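# Chain and residue survey
Each chain is listed here by its residues.
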Amino acid sequence: MSEYAQNMLKKILTADNTESFLNETVGESYHSYSGAVEEALKKYAIPCKIRELAKEQGKIRILDFCFGLGYNSAMAISVALQENPDCEIEVVGLENDVEIIKRIPEVNPPIPYYQNYKRIQPIHQEKNHPGSWGLSDGTVSVKVLLGDARETVKQLPADYFDAIFYDPFSPKTMPELWSMELFQEMARVMKSSALLATYSCARTVRENMSKAGLLYDEGPIVGRRGPGTVATKWV
């Protein structure tokens, strides 16, 4: 299967009546069956203190690692604008599968800003290159870089992001996306005050974070037995 081959996607309904997709090629869904919208709020927006950033800074830069349907960053935008309607928000997403981006118009999560995500479209395409998609809406900009995240992350500037939503498929399914080298890239692009949130608490994940210069702590327990993980940079 080629790097950008189409994955088999099947629409599912999570426990909070939010639509998501099962990637039948990978064998995992893009969101927790316990509730996709709940997950976006409680595993990412709240732990990364998006509301507080909107109030105190008025400007937020978010890296949505493995963008998928965009629920996590759309929720963060909604939370930020609710707190501060004038907040400037920049989202950069990394995503390997353009097919899941194309499915955004098919879902209707109860996330206020999500209707805007349905206007996301190709903004840069090259022959034999996946390119990027995006949208611009007042004080909000969203850009999704398509391709292998291990490579596209290298395009991002250092010390840039206030928050990272780290949401690949599981370490068991895609261990290459939970490596020390990738967490070193996360540490590189994070501001000194930034927070990284992920749903995984796997021992190898946390060990790789630590080796990469990240200090981790327990994240919230949402729809799982174990907690997620929240990490900061060693300073």
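Residues numbered from 1 in each chain as written. Predicted model: local features only at pLDDT ≥ 70, side-chain atom pairs only at ≥ 80, totals over all residues. Heavy atoms only, no water.

## A look at the overall build of the protein
Along its length, the protein carries 8 helices and 12 strands. A compact globule built from 235 residues would reach a C-alpha radius of gyration of about 18 Å, and the protein, at 16 Å, matches this within 12%. A principal-axis box enclosing the C-alpha atoms of the protein has dimensions of 40 × 40 × 40 Å. Per-residue burial for the protein yields a buried fraction of 55% across its 235 residues. Sequence-distant contacts in the protein: of pairs separated by 6 or more residues, those separated by 24 or more amount to 64%. (Helix = DSSP H or I, 4+ residues; strand = E, 2+ residues; numbered from the N terminus. Rg over C-alpha atoms; globule rule 2.2 N^0.38 Å. Buried < 20%, exposed > 50% of the residue type's maximum accessible area, 1.4 Å probe, protein only. Contact = heavy atoms within 4.5 Å.)

## Topic: the environment of T232
Tracing the sequence through the fold places T232 in strand β12 (residues 229–233). On the basis of relative accessible area, T232 is assigned to the partly exposed category, the value being 26%. Spatially, the C-alpha atoms of T232 and S193 are 7.3 Å apart, while their sequence positions differ by 39 residues. Ignoring sequence-local partners within four residues, the contact set of T232 consists of M190, A194, L195, G213, L214 and L215.

## Looking at helix α3 (residues 71–83)
Under the 1.5 Å per step criterion, the end-to-end length of α3 is 18 Å for 13 residues, consistent within 8% with the ideal 18 Å. Summarising burial for α3: 10 of the 13 residues are buried, a large majority. (Expected span 1.5 Å × (residues − 1).)

## Considering the pattern of salt bridges
One pass over the structure, following the stated rule, counts 15 salt bridges. With a shortest N-O distance of 3.6 Å, E83 and R51 are connected by a salt bridge. Placement of the pair is E83 in helix α3 and R51 in helix α2 (residues 50–56), with a sequence separation of 32 residues. The closest approach of N and O atoms between R188 and E185, which form a salt bridge, is 2.8 Å. Placement of the pair is R188 and E185 together in helix α7 (residues 180–189), with a separation of 3 residues, close to one helical turn. Of the residues examined, R188 reaches a relative accessible area of 27% and is grouped as partly exposed. (Salt bridge = Lys/Arg side-chain N within 4 Å of Asp/Glu carboxyl O.)

## Brief notes about the packing of helix α1 (residues 36–45) against α3
The contact between α1 and α3 brings their axes to 9 Å, and the two run at 70°. Here α3 runs roughly perpendicular to α1, going by the angle between their axes. Seen from above, α1 lies across α3 with right-handed handedness. Across the interface between the two elements, A36, V37, A40, L41, Y44 and A45 of α1 pack against Y71, N72, M75, A76 and V79 of α3. (Axes fitted to C-alpha atoms, helices over the stretch in contact; angles between N-to-C directions. Parallel < 35°, antiparallel > 145°, perpendicular 65-115°, else oblique. Left-handed = near helix turned anticlockwise from the far one by under 90°.)

## Concerning the packing of aromatic side chains
The tally for this structure, following the rule as stated, stands at 10 aromatic pairs. Feature note: the residues F65, Y166, W178, F183 and Y199 constitute an aromatic cluster, connected by ring pairs. (Phe/Tyr/Trp six-rings, centres within 6.5 Å; stacked < 30°, edge-to-face > 60°.)

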